[in-house]
Amino acid sequence: MTQEKILVIDDEKATLKMFRLFLDVYGFDILTAESGEEGLDVFERERPDIVLTDIKMPGMDGIEVLQEIKRRSPATEVIVITGHGDMDLAIQALNLDAADFINKPIQRQSLEQGLSRARERLKLAKSRQNEVRTRPHGRALVVEIQGSVSSHSEPYLREAYTKAREAGSGRMVLHFDPNTSVNGAGIAILTQLVLESEKDGMEIVMAGLSENFRKVFGIVGLSRMVQIFDTLDQACA
């Protein structure tokens, strides 16, 4: 059985060693690089499905690495590593199509959750499952969202919104799979739908977001525009 490849890019040897210890447990073929430039060379040669890159590095930083990897391979899951509480850089990376972010100091649980989300999104992409599905729930229309919410999600989300409006649904529940990733374009689309729903007299609420994206939605102001619930049952009550 071929091992799943993962590339870790960080200029600190101690951090790379720590990642090797963590990732070895999950059966990855672990590739490492000590600079952005070296990381791109390894990526070009090995083509891993998942890349973890520190943002703040001398020379080519993680933002530049992210942009170049997404240019070469848009489907690659790139997770950025940010300093503690450095959400501005995390949001900048999401705007450039990063799939997720992990804060330093690295916690095993955060790493496990980030990797689990990345693996699930890759599995969905390969199986070509629908990323947006709808179903009625009383007077609400539940929109099940999985995979990645990005610019290509807009027609599916707008179709769901139109269906909810035409059905006279009083509430549209955006139910996110815990592994869902939302980039900058996805945040913009969701914000626009919420603004339109206010004009149309329909309530939009959300449920199921991972803790990371709850933080992001709070910083960009989206959580002040909609209620965000922990569970679908709470959102539909």
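First, a word on what this report is: a plain description of the structure on this page. A quick note: this is a predicted structure, and the numbers were derived from the prediction, not measured.

1. Observations regarding the overall build of the chain
Piece 1. Within the chain, the regular secondary structure consists of 9 helices and 12 strands.
Piece 2. Taken against the 2.2 N^0.38 rule, which gives 18 Å for 237 residues, the C-alpha radius of gyration of the chain at 19 Å falls within 12% of a compact globule.
Piece 3. On the principal axes, the C-alpha backbone points of the chain span a range of 55 × 40 × 30 Å.
Piece 4. Among the 237 residues that make up the chain, the fraction classed as buried is 51%.
Piece 5. Summarising the internal contacts of the chain: among those between residues at least 6 apart in sequence, 67% fall at separations of at least 24.

2. Topic: a negative patch on the surface
Piece 1. There is a patch of like negative charges on the surface, built from Glu-37, Glu-38, Asp-41 and Glu-64.
Piece 2. Looking at the negative patch, the element that brings in the most residues is helix 2 (residues 36-46), giving 3 residues.
Piece 3. Locating Glu-38 in the fold gives a position in helix 2.

3. With respect to the packing of aromatic side chains
Piece 1. One pass over the full model with this rule turns up 1 aromatic pair.
Piece 2. Centre to centre, the rings of Phe-176 and Phe-217 are 6.5 Å apart; their planes meet at 80°, and the pair counts as edge-to-face. Taken together, the residues span a long stretch of sequence, with Phe-176 in strand 9 (residues 171-176) and Phe-217 in helix 8 (residues 211-220) at a distance of 41 residues. Side by side, Phe-176 and Phe-217 carry an identical accessibility label, which is buried.

4. Some remarks on the pattern of salt bridges
Side-chain pairs of opposite charge can arise whenever the charged atoms involved come near each other.
Piece 1. Counted under the stated rule, the structure contains 20 salt bridges.
Piece 2. Of the charged contacts in the structure, one is a salt bridge between Arg-72 and Glu-44, with a shortest N-O distance of 2.9 Å. Of this pair, Arg-72 sits in helix 3 (residues 62-72) while Glu-44 sits in helix 2, placing them 28 residues apart in sequence.
Piece 3. For Glu-44, a relative accessible area of 41% gives the class partly exposed.
Piece 4. Arg-158 is paired through a salt bridge with Glu-196; the nearest N and O atoms lie 3.0 Å apart. Here the residue Arg-158 occupies a position in helix 6 (residues 154-166), and Glu-196 occupies one in helix 7 (residues 184-200), the gap between them amounting to 38 residues.
Piece 5. Via salt bridges that share partners, Glu-44, Arg-47, Glu-68, Arg-71 and Arg-72 belong to a single interconnected network.

About the cut-offs
Residues numbered from 1 in each chain as written. Predicted model: local features only at pLDDT ≥ 70, side-chain atom pairs only at ≥ 80, totals over all residues. Heavy atoms only, no water. Helix = DSSP H or I, 4+ residues; strand = E, 2+ residues; numbered from the N terminus. Rg over C-alpha atoms; globule rule 2.2 N^0.38 Å. Buried < 20%, exposed > 50% of the residue type's maximum accessible area, 1.4 Å probe, protein only. Contact = heavy atoms within 4.5 Å. Patch = residues over 30% accessible without salt bridge, like charges linked within 9 Å, V, L, I, M, F, W, Y side chains within 5 Å. Areas by Shrake-Rupley, 256 points an atom, 1.4 Å probe, with all protein chains shown as cover. Salt bridge = Lys/Arg side-chain N within 4 Å of Asp/Glu carboxyl O. Lys, Arg positive; Asp, Glu negative; His and termini not counted. Charge placed at Lys NZ, Arg CZ, Asp CG, Glu CD. Phe/Tyr/Trp six-rings, centres within 6.5 Å; stacked < 30°, edge-to-face > 60°.

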